[in-house]
Every structure is written in C-alpha cells, then in structure tokens.
Amino acid sequence: MIVAKFGGTSVADAAAIHRLVGIIAARRDERPVVVVSALAKITDQLIALEDAEGPADFEAAVARIVERHRALAHDLDLPPAAIERIREDADSLGQWVRARGTGPWTSAERDRVIAHGELWSSRVVAAALDHGGVPAAWVDARHVIITEPDFGQAAPRLPNIRNRAARVIGPIIERNIVPVTQGFIGATQDGQTTTLGRGGSDYTASLLGAALGAERVEIWTDVDGLLTADPRIVPDARLLPEASYDEAAELAAFGARVLHPATQLPLIEAGIPCWVRNSFAPERPGTRIVAGARPAPLGDSPVRAIAWKKGITVVNVRAPRRLGAVEFLQQLFAVFARHGVAVDVLASSEVNVSVTVDEPARIPALVTDLEALGTVTLFERRAIVAVVGLDLRGTRGFSARLFGAVRDVNIEVISQGASEINVTFVVEEGDGIRAVRALHQEFFGTG
Ligand code: ADP
Ligand code: ASP
Ligand code: MG
C-alpha cells in the first residue's frame, strides 16, 4: 500500500479535487490511503476565529467557511449529504461559542476548533472519490493518530498509532476501499483533539506510512518537488530529482515549507521512500527522498539547496567571568531544556553564547531564567539562511565563495562545520531574501 497526502492548494477547488481523483484512480492497484490538508487558507481563517468580536461574528465567519465547502461540493456535483456533517459540526461550534463566549482560547480549545479545516476538507474529498468511481471511506484521524497531550505541537505515540492504524485503517484497505483521513490532527488517548503543528499533514502521512508499512509516501503539493530554493523567491530554482533524508530534514528545519520538519523521522527506520510531487502536473517525476541516497551534485556546484527562515530571535548570553566555560554551557542548556526551547544555530566564545530561537512566545520566560546566568541581549526580527550541500566542510575555498557572494549583507552569527552538509548564518530579516538570491546566483547561476 501507499500513502498519498494532498496539501491545501491541492484540494483548494474543484479542478484540484478532480486532479486528486485522477491521481488516486491511477493508483487503485497500489491500495492508496489518502491524507488531506484543509482547503488552502482555511486553517488561518479558523485560527482567526479566536479574535471574533462576539458569538454572532464567530458564527458568521464559520458560516463563510462552511459556504466555501458547500460551493466546492456543488461545483463537484456531489450529493447534499456530502456536507451534512459539515453543517452539523458548524452548529456544534456555534453552540459552543454561545455557551462560553469568544475570547482567548486554551491551547486544547484552539486545537479542537482548527481541526475542522481537515475534518471538513476530508469529507468533500471522500465524497468526490466515491462520486468519481473510487470507493472511499472517511476515517477520523483522531481514532488513529494518538499523541501526547501537548496541544498545538503534539508528539505522536508511534506504538499506539501502529496498533490503531492496523485496526481502523487495515480492514478498509482489505476491502479495496480507499481510506480518506485528515492530516495535521490527532487525539490524546482519552480522545481530546490535538494538532501536530503548522504544516503537520506531511507528518501525518509519514506516520501512517511507517505504521502501515507503506511502499512509499507521496506528498502532493503545488511545486515540482524539492527545489534548490523556494521558487517564490527564486523563480528559476531547479528540481532535485533525488535527495537524502538528511538533506530533506535540514531543508525543512531551516524553513523550506514544502515538508514539515519531522516528516522524515518515521520513515528512516523503516527505509520507506518519500516522494514530493506536483499535483498540478502529475506527469512530472518529482523528488525521491530515500535512505542512503548519494545525491549527485547539480553541475559543478557543491551546494544542493538554500533555505531561509524568518521570525528568528538571537539570544546572546554573556557569562560573568567567575563561571567556568563548561559550567556555564551546562547551566545554559539546562535552562533551554527546562523551557523545551529548541536551538537551531549556536556560536560561542569563552564568555558569550549566541543561539537562535524561533518560538517568540516562549522567550520572555526563558530570558527571566537566563538572566540568573549572565547578561542577556535579544536581537529580534532575524532570519537564518541555510546552505545545504555535499561535503561542504571538506570543500576547499567554499567558505570564501559563500561569504563572498553575500558580502553586501551583514552577517551576525555563523555556524559552520558542525555537519558536513550545511552551513547556517543569521542576518537581519530584511536581508534574508537578498542573501538567498545572491547565493543561488553564485552556486546555480540564477537568482
Ligand atoms: P502544501 O499546502 O501542499 O503542504 P506548502 O505551502 O506547505 O504546500 O509547501 C509548498 C511550498 O513550499 C511551495 O509552494 C514553495 O513556495 C515552498 N518551498 C519553500 N522552499 C522550497 C523548496 N526548497 N522546494 C520546494 N518548495 C519550497
Ligand atoms: N492545515 C494545516 C496548516 O495549514 C496543516 C497542513 O496544511 O499541513 O498548517
Ligand atoms: Mg505544507
């Protein structure tokens, strides 16, 4: 069997869903499991409901979201039953908001509300497959994707998922029916809705792929595959026909939105290949991400791709001299661990440590604890630029070429050599795009 995940733009309108049906119909023999995201932009609209002026405003906004699904079902010529459940869910949301009022949500409430994007898109997609002659069954991902109760960024529990997938999804596949389920959402063991973090539908696909022992996972999106840079920034970015798990993970971690950063994790152990494909052009080959890929250089460039991530804060901590360097680092990382804050880029001298953090909400509490260790200075609105390549550490003259290409940009923190496949540096947010283009120009001849 295979898992095929369709992102928001790949289910956004009737034309997109017709293409989806075509792609799945062509794979019937391979026993596909379909995972879908919310229709494009719907998750943002659901998140914005938290700021509704009052219950009437909330319900009007929900009605607009329902209308988009209704119109889509209509364009697809689906029977009215296709959106009955969507209307019922919307009514429940209305009752909930009238009982509690609007205003700040708990993280558990937020997950419960925003899950509706996927719950509803999957209803339409399941009905469209059925209608298109591909027998399909809607599956509630909350019965399968069991997670810890860490709402908003929930950690999956693979053993439970494996069990549930076999029990809930296995029999449907056996009957030669295509299970259609939601990306992004899951539930705690006691049934509370959770989400896996923005862009998490990719992660759902790989979790299911691993749990069910899929032959491959296909991530259907709106670009040709993994490219040498985000094509929104570098329109001539080139396709990587093949990539290693490490490369894909590095690019995702440093802002290449095309894959959720955790996507590769469940696939590595089982050695399941993952493809990134263009749902707007299903005939194109896409990128194949496999274990032990020996990625070939593109032309004479040691660089394979460039990514960037904005919204970064650099946290600099200056230690008092009395603390030994080892002790200082130990205490510093204990603080980060206690706050559960991940660090991407790190640079240190004996008394100064600079690290990058991309979770703004957690910074105030973190800083309070770090101040017990030394003087803390924050540099906000920064971006990380990551260059991913082949043996960058061992390529003579590479640094000179890289930093020569961005000589007009002020570079604040550099992390090089920790891994042979990437070099990362920090710039002001406003310089990020310019840096990516300059690097692409240098290493691929177009920017
Ligand atoms: P989906 O809704 O299908 O999950 P996303 O918007 O999450 O799609 O991810 C696809 C987008 O990722 C592309 O439209 C592209 O702008 C962006 N992207 C960023 N970096 C890269 C890259 N290196 N290769 C391909 N796409 C990239
Ligand atoms: N719909 C969710 C989001 O917008 C998950 C996803 O698209 O992968 O973040
Ligand atoms: Mg995505």
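That block above? That's the structure.
Everything numeric here is computed off the predicted structure, so don't read it as measured data. (Residues numbered from 1 in each chain as written. Chains lettered and ligands numbered in written order. Predicted model: local features only at pLDDT ≥ 70, side-chain atom pairs only at ≥ 80, totals over all residues. Heavy atoms only, no water.)

## Regarding the overall build of the chain
Helix and strand counts for the chain stand at 14 helices and 16 strands. Taking 447 residues into account, the globule formula puts the C-alpha radius of gyration at 22 Å, and the chain, at 23 Å, falls close to it. For the C-alpha atoms alone, the extent of the chain along its principal axes is close to 70 × 55 × 40 Å. Within the span of the chain, comprising 447 residues, buried residues form 54% of the whole. For the chain, the share of sequence-separated contacts (at least 6 apart) that also reach a separation of at least 24 residues comes to 76%. Measuring between centres, the 47 positive side-chain charges of the chain sit 1 Å from its 55 negative side-chain charges. (Helix = DSSP H or I, 4+ residues; strand = E, 2+ residues; numbered from the N terminus. Rg over C-alpha atoms; globule rule 2.2 N^0.38 Å. Buried < 20%, exposed > 50% of the residue type's maximum accessible area, 1.4 Å probe, protein only. Contact = heavy atoms within 4.5 Å. Lys, Arg positive; Asp, Glu negative; His and termini not counted. Charge placed at Lys NZ, Arg CZ, Asp CG, Glu CD.)

## Structural notes on unusual backbone geometry
Despite not being glycine, Lys41 shows a phi value in the positive range, around 75°. Within the secondary structure layout, Lys41 lies in the loop between β2 (32-36) and α2 (42-48). Using a relative accessible area of 62% as the deciding quantity, one classes Lys41 as exposed. Non-glycine residue Asp77 carries a positive phi angle of around 65°.

## What to know about the pairing of strand β10 (residues 287-290)
Sheet topology note: the strand β8 (residues 242-244)/β10 ladder contains three bridges and is parallel. Each residue of the ladder has a partner; that of Ser244, found in β10, is Val290. The sheet contact formed by strand β9 (residues 274-278) and β10 spans three bridges and is antiparallel. Counterpart to Cys274 in the pairing with β10 is Ile289. (Pairing = 2+ DSSP bridges.)

## Some remarks on the packing of aromatic side chains
Throughout the structure, instances matching the rule amount to six aromatic pairs. Ring centres of Phe58 and Trp96 lie 6.2 Å apart, and the angle between their planes is 55°; on these two criteria the pair is classed as tilted. Separated by 38 residues along the polypeptide, Phe58 in helix α3 (residues 55-75) and Trp96 in helix α4 (residues 84-100) bring together distant segments of the chain. As far as burial versus exposure is concerned, Phe58 and Trp96 are alike and both buried. The rings of Phe58, Trp96 and Trp105 are connected pair by pair, giving a single aromatic cluster. Its guanidinium or amino end placed over the ring of Phe280, Arg19 lies 4.3 Å from that ring's centre, counting from NZ or CZ. Taking NZ or CZ as reference, Arg123 lies 3.5 Å from the ring centre of Trp138, over its face. (Phe/Tyr/Trp six-rings, centres within 6.5 Å; stacked < 30°, edge-to-face > 60°. Lys NZ or Arg CZ within 6 Å of the ring centre and 35° of its normal.)

## Some remarks on the site of ligand 1
Looking at ligand 1, there are 17 residues lining it, with Thr221, Asp222, Leu227, Asp230 and Arg232 nearest. Interatomic distance of 2.7 Å between a side-chain N/O atom of Arg232 and an oxygen atom of ligand 1. Considering ligand 1 on its own, with 580 Å² of exposed area, one finds that the protein chains cover 91% of that surface. Of the residues in the shell around ligand 1, the class split is eight nonpolar, four polar and five charged. (Near = heavy atom within 4 Å. Polar contact = N/O pair within 3.5 Å; in protein donor to acceptor, adjacent residues only side chain to side chain. Areas by Shrake-Rupley, 256 points an atom, 1.4 Å probe, with all protein chains shown as cover. Nonpolar A, V, L, I, M, F, W, Y, C, P; charged D, E, K, R; others polar.)

## A short note on the pairing of strand β14 (residues 375-389)
Here strand β11 (residues 303-318) runs beside β14; their pairing, made up of 12 bridges, is antiparallel. Bridging across to β14, Arg318 finds its partner in Thr375. Of the strand pairs in this sheet, β14 and strand β16 (residues 422-428) are connected by seven bridges, and their pairing is antiparallel. For Ala383, the partnering residue across the bridge sits in β16 and is Val427.

## Section: the site of ligand 2
Every residue close to ligand 2 is listed here: Ser37, Thr43, Glu118, Phe184, Arg198, Gly199, Gly200 and Ser201. A distance of 3.3 Å separates an oxygen atom of ligand 2 from a polar atom in the side chain of Ser37. Here an oxygen atom of ligand 2 and a side-chain polar atom of Arg198 are 2.6 Å apart. A class-by-class count of the residues in the shell around ligand 2 yields one nonpolar, five polar and two charged.

## Remarks on the environment of Arg85
By secondary structure assignment, the location of Arg85 is in helix α4. On the basis of relative accessibility, which here comes to 39%, the residue Arg85 falls in the partly exposed class. Note: C-alpha distance between Arg85 and Ala48 (37 residues apart in sequence) is 22 Å.

## Topic: the pattern of salt bridges
Applying the stated criterion to the full structure yields 25 salt bridges. A salt bridge links Arg216 to Glu218, with the nearest nitrogen and oxygen atoms 2.8 Å apart. Neither Arg216 nor Glu218 differs from the other in exposure class; each is buried. A salt bridge links Asp358 to Lys309; the shortest N-O distance between them is 3.0 Å. Placement of Asp358 in the loop between β13 (352-357) and α12 (363-370) and of Lys309 in strand β11 is noted, with a sequence separation of 49 residues between them. Relative accessible area serves as the criterion here: at 31%, Asp358 is assigned to the partly exposed category. (Salt bridge = Lys/Arg side-chain N within 4 Å of Asp/Glu carboxyl O.)

## Examining α4
Helix length check: α4 (17 residues) gives 25 Å between terminal C-alpha atoms against 24 Å at 1.5 Å per residue, within 8%. Along α4, the positions that sit buried rather than exposed are Ile86, Asp89, Ala90, Leu93, Gly94, Trp96 and Val97. Here the buried residues of α4 occupy an arc of 165° about the axis, which is enough to place them on one side. Every exposed residue of α4 that faces more than 90 degrees away from the buried side is listed here: Arg98 and Ala99. Buried positions along α4 lie against α3, α5 (107-114) and α6 (116-131). Positioned one or two residues after α4, Gly101 has a phi angle of 85°, which is positive. (Expected span 1.5 Å × (residues − 1). Arc of directions from axis to C-beta.)

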